[in-house]
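Observations on chain architecture
Each chain, written out:
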Amino acid sequence: MTPTYYLVLAAILFTIGAVGVLVRRNAIVVFMCIELMLNSVNLTLVTFARINGTVDGQIMAFFVMVVAAAEVVVGLAIIMSIYRTRRSASVDDANLLKY
Amino acid sequence: METQYLPASGLLGSAWLLVVIPLLGAAVLLLGGRRLDKIGHLIGCATILLDFVLAVALVAALAGQPDGEKAVTDTLFSFIPVGELQVDIGLLLDPLSAVFILLITGVGALIHIYSVGYMGHDPDRRRFFAYMNLFVAAMLLLVLGNGYVVLYIGWEGVGLASYLLIAFWYRRPAAATAAKKAFIMNRVGDVGLIIAVFIMFATLGSTSFADVFAGASGLAAGTVTALGLLLLLGACGKSGQVPLQAWLPDAMEGPTPVSALIHAATMVTAGVYLIARSAPLFDLSETARTVVTIVGLVTLLYGAIVGCAYDDIKKVLAYSTVSQIGYMFLAVGLGPAGYAVAILHLLTHGFFKAGLFLGAGSVMHGMNDEVDMRKFGGLGSKMRITYITFALGYLALIGFPFLSGYYSKDLIIEVAFDSGGALGWILGGGAMLAAGLTAFYMTRLMVMTFFGRPRWDKDAHPHESPAVMTVPMIILSLGSVFAGFILVNVFPLGAWLEPVFGPEPEADHVVAPIVVSILTTVVVALGVAAAWFFVARREVPIRPPVNVSPVIKAARANLYGDAFNESVFMRPGQWLTRAMVYVDNRGVDGAVNGLAAGLGGTSGRLRRTQTGFVRSYALSMLGGALVVTMAFLAVRFV
């Protein structure tokens, strides 16, 4: 069981997440893609911790989880309030902040 | 000769009050506002009279001191204590400044009293007296200063007061223009004076009279000459000497008492004071003194020639002032023989020219402010006191034997001849010729104003002025008659000023004094006769004749002095400013505005990249992260 597979898997997951963020319009889906990217990074961290025989990467993964949990709370709240005011969860409708 | 300075204690220590009293008067009058309108003129007169009493007491106290100790310095406070530059505000009361404070406060007081009547109907009389008090304060500071910096403060102060008073009737465009002209031409001279002060500090490290004169002999000859010429430039500006003479006749736009006090008796003689005060410097530079005499000669002839052609009574008197100050410059330029003589002429001129201006003011007062002498005539019988006092001043000015002008002007011509050599003959001859011209233009003025058939406007009702105006005129006319005799025979001015200028050298007469006197009197008589022949014999036309010789045309255009200034300085100056405005508008403003417009346009275009779509931002973030990663990899593996 070589760690390389984990890294390849993490890269695939990250790419799926990134493409999802770029191409999808539903805010919830975009959000889920962001979570996917975060978790692929977690996977990478843990893999490297394993390769190096240290726990640094694992500790870092815990931090990422905490941050992700907090971010989910704030992000979902924003999406909720946008949905309430605009009757839409499309990220393209929230485009007032421009030139 | 070393002068012992007395301590400034007791009465002699109160010289500073001389400056402060009129300054306070000016402050009260200016800040007091309209509620002082009723009594403003009384305050103005009271301060000057108080000053006069104090000046008399001070001079009496000074005269009581033993010879060799007739000088008081009083350092009041440190003005500029910066490293090497230590400038103290201090006063110096010595025989020379004593003469001046008596002249300034005495004539000043008389003219203040006269102004009560002359400005009686003017709604701004309070402001007038405030400015007059300001002038007296500045002038006293000028003559009492113990160094060039204090003198300079007073110098600028009188310039300011002169500006304010010429433009006193500022609603008249002519008065406003004349004031600006006076201010700007004075500034040209002031630059010379201030540069001289800089040089003094750079070479001697001090600007007080005592230090400068003590160190002057150690300076290079070229430096002393430069100092002399720069001081002369300053003196020319303030005293209306060629080439900076053009402002003085225009300054007659101010009220007549101003012309009498500032532009005849006191301020315009400040240049003579400056050169006389700087005598130890000028004694060291033959060149500078020669230039002073030449400026004096040119100016006295210029003023006399132009004075013959004008019809405006005040302008004739103004050119006469220019010419008489030329005499003083001629005398101070002649060195130790001439200093006391110049001051003598300054004093007698202060009396008779102030008296003549007050007389002219009285005539204008009775003639609805008319100044054209062609519309006067026959006023002698209507204004007896004015006529008699004016006639006495006239006789004193042309040098009628044994009146004050005779003593002072004769001495100047004599000293000019005595200076020796070809230059001595030129100076003496020129001064004598100008005496004849003076007699001509003043007789012309007398005849056109007081004699002959009336040529008044229909609505003119000439009448004598009130006593508040005639009494100062009478006192000044008495001064015009007796001042010369008293200052030569009773209280010899030369001996009084000896502590300042040193002993007068034994005169080496080229021409015997009695011959000079007789010749001068003959020339003056010829001038009077010529005026009688050309002006009094026939009717004076109301309009100036048009078909006249080129000489008269040139004199009417003040020998093209104004034309010269206009074509050489004013028009090129205007072109220069216009060119600079063009460069500023098109060049500087164009560059700045162009840069702003360019930035605005660019940012307007760049702004379009901010679409507001989250995914485009996300894409650019991803792109950026990829680029950074690529860069790291490139650095790591290539």
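Residues numbered from 1 in each chain as written. Chains lettered and ligands numbered in written order. Predicted model: local features only at pLDDT ≥ 70, side-chain atom pairs only at ≥ 80, totals over all residues. Heavy atoms only, no water.

1. Regarding the interface of chain A and chain B
Opposite the nine residues of chain A that make contact, chain B presents 11 residues. Carbon and sulfur atoms supply 62% of the area that chain A and chain B bury against each other, a total of about 1,000 Å² over both sides. Per-residue buried area on chain A facing chain B is highest for A:Leu22, A:Asp92 and A:Tyr99; these three make up 56% of the total on that side. In this structure, the connection of chain A to chain B is made through one salt bridge. The residue B:Arg615 makes a salt bridge to A:Asp92 at a minimum N-O spacing of 2.4 Å. Inspection of the region where chain A meets chain B yields one residue pair in polar contact (both at pLDDT 80 or more). Residue classes in the side of chain A that touches chain B are distributed as five nonpolar, one polar and three charged. (Contact = heavy atoms within 4.5 Å. Buried area = accessible area lost by both parts, 1.4 Å probe. Salt bridge = Lys/Arg side-chain N within 4 Å of Asp/Glu carboxyl O. Polar contact = N/O pair within 3.5 Å; in protein donor to acceptor, adjacent residues only side chain to side chain. Nonpolar A, V, L, I, M, F, W, Y, C, P; charged D, E, K, R; others polar.)

2. Looking at the packing of helix H15 (residues 339-366) of chain B against helix H17 (residues 404-418) of chain B
Residues and elements named next belong to chain B. One can describe the packing of H15 onto H17 by two numbers: an axis separation of 9 Å at closest approach and a directional angle of 150°. When the axis of H15 is compared with that of H17, the two are roughly antiparallel. For the pair H15 and H17, the crossing hand works out as left-handed. On H17, the residues touching Val 341, Leu 344, His 345, Thr 348 and Phe 352 of H15 are Ser 404, Gly 405, Ser 408, Lys 409, Leu 411, Ile 412 and Val 415. Tallied by class, residues from the contact of H15 with H17 come to six nonpolar, five polar and one charged. (Axes fitted to C-alpha atoms, helices over the stretch in contact; angles between N-to-C directions. Helix = DSSP H or I, 4+ residues; strand = E, 2+ residues; numbered from the N terminus. Parallel < 35°, antiparallel > 145°, perpendicular 65-115°, else oblique. Left-handed = near helix turned anticlockwise from the far one by under 90°.)

3. Notes on helix H11 (residues 270-277) of chain B
Most of H11(B) sits inside the fold, with eight of its eight residues counted as buried. Those residues of H11(B) not exposed but buried are B:Ala270, B:Gly271, B:Val272, B:Tyr273, B:Leu274, B:Ile275, B:Ala276 and B:Arg277. (Buried < 20%, exposed > 50% of the residue type's maximum accessible area, 1.4 Å probe, protein only.)

4. Quick notes on the environment of B:Ile262
Residues and elements named next belong to chain B. Note that Ile 262 resides in helix H10 (residues 256-265). In this structure Ile 262 comes out as buried when scored by relative accessible area, which is 0%. Note: C-alpha distance between Ile 262 and Ala 251 (11 residues apart in sequence) is 9.8 Å. Ignoring any residue separated from it by four or fewer positions in sequence, one finds Ile 262 in contact with Phe 135, Ser 162, Leu 165, Met 267 and Val 268.

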